[in-house]
Amino acid sequence: MIYSKLGFSGLHVSNLSLGTMAFGRWIDEKASVQIFDTALDVGINLIDTANFYGKGQDEQFLYGTGESEEIIGRALKGRRDKVVLATKVGLPMGKDINDAGLSKFHIMREVENSLQRLQTDYIDLYQVHRFDDQTPLEETLSTLTSLVNQGKVRYIGCSNYAAWQIAKANGISNLHGLEHFVSSQSQYNLLSRELEEEVVPYCVSEKVGLLVYSPMARGMLSGKYTSHNDVPEGSRAARGEKLIQNYFKDENFGRVEAYKQVAVEHDVNLSQFSLAWILNQPAVTSAIIGASKPHHVTDAAQISDWIWSDELKQRVNIL
Ligand SMILES: NC(=O)c1ccc[n+]([C@@H]2O[C@H](COP(=O)([O-])OP(=O)(O)OC[C@H]3O[C@@H](n4cnc5c(N)ncnc54)[C@H](OP(=O)(O)O)[C@@H]3O)[C@@H](O)[C@H]2O)c1
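The rules behind these values
Residues numbered from 1 in each chain as written. Predicted model: local features only at pLDDT ≥ 70, side-chain atom pairs only at ≥ 80, totals over all residues. Heavy atoms only, no water. Salt bridge = Lys/Arg side-chain N within 4 Å of Asp/Glu carboxyl O. Helix = DSSP H or I, 4+ residues; strand = E, 2+ residues; numbered from the N terminus. Buried < 20%, exposed > 50% of the residue type's maximum accessible area, 1.4 Å probe, protein only. Phe/Tyr/Trp six-rings, centres within 6.5 Å; stacked < 30°, edge-to-face > 60°. Lys NZ or Arg CZ within 6 Å of the ring centre and 35° of its normal. Near = heavy atom within 4 Å. Polar contact = N/O pair within 3.5 Å; in protein donor to acceptor, adjacent residues only side chain to side chain. Areas by Shrake-Rupley, 256 points an atom, 1.4 Å probe, with all protein chains shown as cover. Nonpolar A, V, L, I, M, F, W, Y, C, P; charged D, E, K, R; others polar. Contact = heavy atoms within 4.5 Å.

K.L.:
Explain the pattern of salt bridges to me, and be specific about the residues and the numbers.
P.N.:
Going through the model one piece at a time under the given rule, you end up with 16 salt bridges. With a shortest N-O distance of 2.6 Å, arginine 79 and aspartate 37 are connected by a salt bridge. Of this pair, arginine 79 sits in the loop between helix H2 (67-75) and strand E5 (84-89) while aspartate 37 sits in helix H1 (residues 29-41), and the two are 42 residues apart along the sequence. Assessed through its relative accessible area of 23%, arginine 79 is described here as partly exposed. On the accessibility criterion, aspartate 37 (26% relative accessible area) is partly exposed. Here aspartate 124 makes a salt bridge to arginine 80, at a shortest N to O gap of 2.9 Å. Separated by 44 residues along the polypeptide, aspartate 124 in strand E6 (residues 123-128) and arginine 80 in the loop between H2 and E5 bring together distant segments of the chain. Just as aspartate 124 is buried, arginine 80 falls in that class too. Overlapping salt bridges bring together Glu69, Asp99, Arg109, Glu110 and Arg117 as one network.

K.L.:
Describe the packing of aromatic side chains, listing the residues and the values that go with them.
P.N.:
Applying the stated criterion to the full structure yields 8 aromatic pairs. Arranged with centres 5.7 Å apart and planes meeting at 80°, the rings of tyrosine 161 and phenylalanine 181 form a pair that is edge-to-face. Highlighted residues: tyrosine 161 in the loop between strand E7 (153-159) and helix H5 (163-176) and phenylalanine 181 in strand E8 (residues 181-187), separated in sequence by 20 residues. Here the two residues tyrosine 161 and phenylalanine 181 agree in accessibility, since each one is buried. Ring centres of phenylalanine 273 and tryptophan 308 lie 5.0 Å apart, and the angle between their planes is 40°; on these two criteria the pair is classed as tilted. Taken together, the residues span a long stretch of sequence, with phenylalanine 273 in helix H8 (residues 270-279) and tryptophan 308 in the loop between helix H9 (294-302) and helix H10 (310-317) at a distance of 35 residues. This pair shows no difference in class: phenylalanine 273 is buried, exactly as tryptophan 308 is. One aromatic cluster is present, formed by Phe131, Tyr161, Trp164 and Phe181 through successive ring pairs. Positioned over the ring face of tyrosine 122 is arginine 154, at 3.9 Å from the centre of the ring.

K.L.:
Now, about the site of the ligand: what can you tell me, with residues and values included?
P.N.:
Surrounding the ligand, one finds 29 residues, the nearest of these being Asp48, Ser214, Met216, Lys224 and Arg236. Between the ligand and glycine 219, the relevant distance is 3.5 Å, taken from an oxygen atom to a main-chain nitrogen or oxygen of the residue. Taken by itself the ligand offers 900 Å² of open surface, and the protein chains cover 94% of this. Elements supplying a minimum of two residues to the shell around the ligand: strand E10 (284-289) and H9. Tallied by class, the residues present in the shell around the ligand amount to 9 nonpolar, 14 polar and 6 charged.

K.L.:
Lay out the side chain of aspartate 99 with the relevant residues and their values.
P.N.:
Take aspartate 99: it is sitting in the loop between E5 and helix H3 (104-118). Residue classification places aspartate 99 among the buried positions, given a relative accessible area of 10%. A distance of 2.9 Å separates the side chain of aspartate 99 from the backbone nitrogen of aspartate 96, its partner in a polar contact. The contacts of aspartate 99, once residues within four sequence positions are left out, are Leu91, Pro92, Met93, Gly94, His106 and Arg109.

Okay, here's the thing in structure tokens:
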């Protein structure tokens, strides 16, 4: 495992992180804890969750029900200081008008709820889940700064922000002496490279840490889906994950086959290959893996320090 600083902060994080969006949703508590334990055993120190993660994600009206945070809270007992605990705020937690967003009202309420579910006094990295164009950034940033001052939060980060939104936020923080976002969490993988246009260069230039979610395209880059109708039993797609359908395109099935050939040449499976690709991209601090089985974590750990040659990077770029 490779550890590096999270953006311009002094905090060291592992280049693999554990994503827990499926805990309490598709993965029961016992299985979740096995995955969690395996992650800590292989040296992962960054755990990513959100108040939103839980069964409510699959309801007709999407809202957070907090099961993932609850499971982590119980699993963390006695070893809280071993992990960098990251959670998020901003997505709907109910149906009322103030049950979502990045207002002072909502953040102040939700941070207390997250702390309670996580059974901790502090959150290491508190991330805003997505940009809220209804709330002034000054309000959000001054609220987050007050949480840092109170010791409830150590660092702040953003997620799903465009580069201009991170730049605007950090400019406002400079102007008013507020906390800065040390990291940005975004989707990035071999089949989804839009981030390279603006966010990656911004993060490199301004030393903002990049936490990558869906590094395996929600499982599409494991090679388990070979065509539109091939949905293996027990897979995320079979469990009803809707967003994976965005990857089910003829072009992507073809590219997955091409990547598989190169993976075989290097004696790794496609999941490992896809993950190694993302770890070799500039700006990437950590890839948040959504393991649904303990062996997904150990598979990932095996390639976490595989440094690619320029030749291999160029070859994959033109596939
Ligand atoms: N900020 C945001 O808006 C946002 C959005 C999405 C996710 N996230 C975060 O990012 C985390 C990861 O996202 P993700 O779950 O989409 O990531 P992912 O790593 O791209 O996908 C995970 C899926 O890939 C498959 N997989 C992983 N390793 C494998 C292996 N070795 N062999 C075979 N299959 C393997 C599994 O599918 P099966 O379960 O089908 O076996 C697993 O469920 C989430 O848990 C969450 O913490 C954040």
